[in-house]
Amino acid sequence: MANTEQSKKRARQSEAKYAVNKARRSRIRTYVRKVEEAIASGDAAAAAEALKNAQPELARGVTKGVMHKNTASRKVSRLASRVKALAVKA
């Protein structure tokens with residue numbers, strides 16, 4: 001438990017930052033899920049549009065420190081390849 005004023009303040013800041021980061025992660029997951037749902041439905045146009053909307057969210061997660069740069073890059077790459085395969089198949 002925090003005892004000093006400084007440690008109490010750091011605990012408050014940590015709680016606030018945790019809430020913000022949790023919301024950001026949730027938002028990113030939502031955008032990624034929308035892409036995956038569009039891929040599952042087989043709609044290439046919707047999947048491409050969803051991917052276009054998800055990419056900036058993933059990039060924003062990197063700049064805000066919610067996820068690592070390589071993680072976001074890997075997710076975008078894998079989603080893009082799946083969307084591309086869906087477009088070729090259609």
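Refer to the structure above for everything that follows.
Quantities reported herein were computed from a predicted structural model and do not represent experimental measurements.

Cut-offs and rules
- Residues numbered from 1 in each chain as written.
- Predicted model: local features only at pLDDT ≥ 70, side-chain atom pairs only at ≥ 80, totals over all residues.
- Heavy atoms only, no water.
- Helix = DSSP H or I, 4+ residues; strand = E, 2+ residues; numbered from the N terminus.
- Buried < 20%, exposed > 50% of the residue type's maximum accessible area, 1.4 Å probe, protein only.
- Salt bridge = Lys/Arg side-chain N within 4 Å of Asp/Glu carboxyl O.
- Patch = residues over 30% accessible without salt bridge, like charges linked within 9 Å, V, L, I, M, F, W, Y side chains within 5 Å.
- Areas by Shrake-Rupley, 256 points an atom, 1.4 Å probe, with all protein chains shown as cover.
- Lys, Arg positive; Asp, Glu negative; His and termini not counted.
- Charge placed at Lys NZ, Arg CZ, Asp CG, Glu CD.
- Phe/Tyr/Trp six-rings, centres within 6.5 Å; stacked < 30°, edge-to-face > 60°.
- Lys NZ or Arg CZ within 6 Å of the ring centre and 35° of its normal.
- Axes fitted to C-alpha atoms, helices over the stretch in contact; angles between N-to-C directions.
- Parallel < 35°, antiparallel > 145°, perpendicular 65-115°, else oblique.
- Left-handed = near helix turned anticlockwise from the far one by under 90°.
- Contact = heavy atoms within 4.5 Å.
- Nonpolar A, V, L, I, M, F, W, Y, C, P; charged D, E, K, R; others polar.

Trainee: Give me the lowdown on the environment of Lys-34, citing residues and values where you can.
Mentor: Assignment of secondary structure puts Lys-34 in helix 1 (residues 5-41). Residue class for Lys-34 comes out partly exposed when judged on its relative accessible area of 46%.

Trainee: Kindly report on the pattern of salt bridges, identifying the contributing residues and their values.
Mentor: For side chains of opposite charge, pairing can occur when their charged atoms come near one another. Counting across every chain of the model gives four salt bridges. Between Arg-82 and Glu-36 there is a salt bridge, with the nearest N and O atoms lying 4.0 Å from each other. Taken as a pair, Arg-82 in helix 3 (residues 69-89) and Glu-36 in helix 1 lie far apart in primary sequence, 46 residues in all. As a salt-bridge pair, Arg-60 and Glu-57 come within 2.8 Å of each other at their nearest N and O atoms. Taken as a pair, Arg-60 and Glu-57 lie in helix 2 (residues 44-63) at a separation of three residues, close to a single helical turn. Under the relative-accessibility criterion, Glu-57 is labelled buried at 8%. Members of the salt-bridge network, linked through shared partners, are Arg-27, Glu-57 and Arg-60.

Trainee: Hey, could you go over a positive patch on the surface for me, with residue numbers and the actual values?
Mentor: On the surface, a cluster of positive charge is made up of Lys-8, Lys-9, Arg-10 and Arg-12. Inspection of the secondary structure assignment puts Arg-12 in helix 1.

Trainee: Break down the packing of aromatic side chains for me, citing the residues and quoting the values.
Mentor: Summed over all chains, the structure comprises zero aromatic pairs. One Lys or Arg, Lys-34, reaches over the ring of Tyr-31 and ends 5.4 Å from the middle of that ring.

Trainee: With reference to specific residues and values, describe the packing of helix 1 against helix 3.
Mentor: Close contact between helix 1 and helix 3 brings their axes to 10 Å; oriented N to C, the two are set at 25°. By the angle between their axes, helix 1 is roughly parallel relative to helix 3. Here helix 1 runs over helix 3; the crossing is left-handed. Of the residues in helix 3, those in contact with Val-32, Val-35, Glu-36, Ala-38 and Ile-39 of helix 1 are Leu-79, Arg-82, Val-83 and Leu-86. Of the residues contributing to the contact of helix 1 with helix 3, the split by class is seven nonpolar, no polar and two charged.

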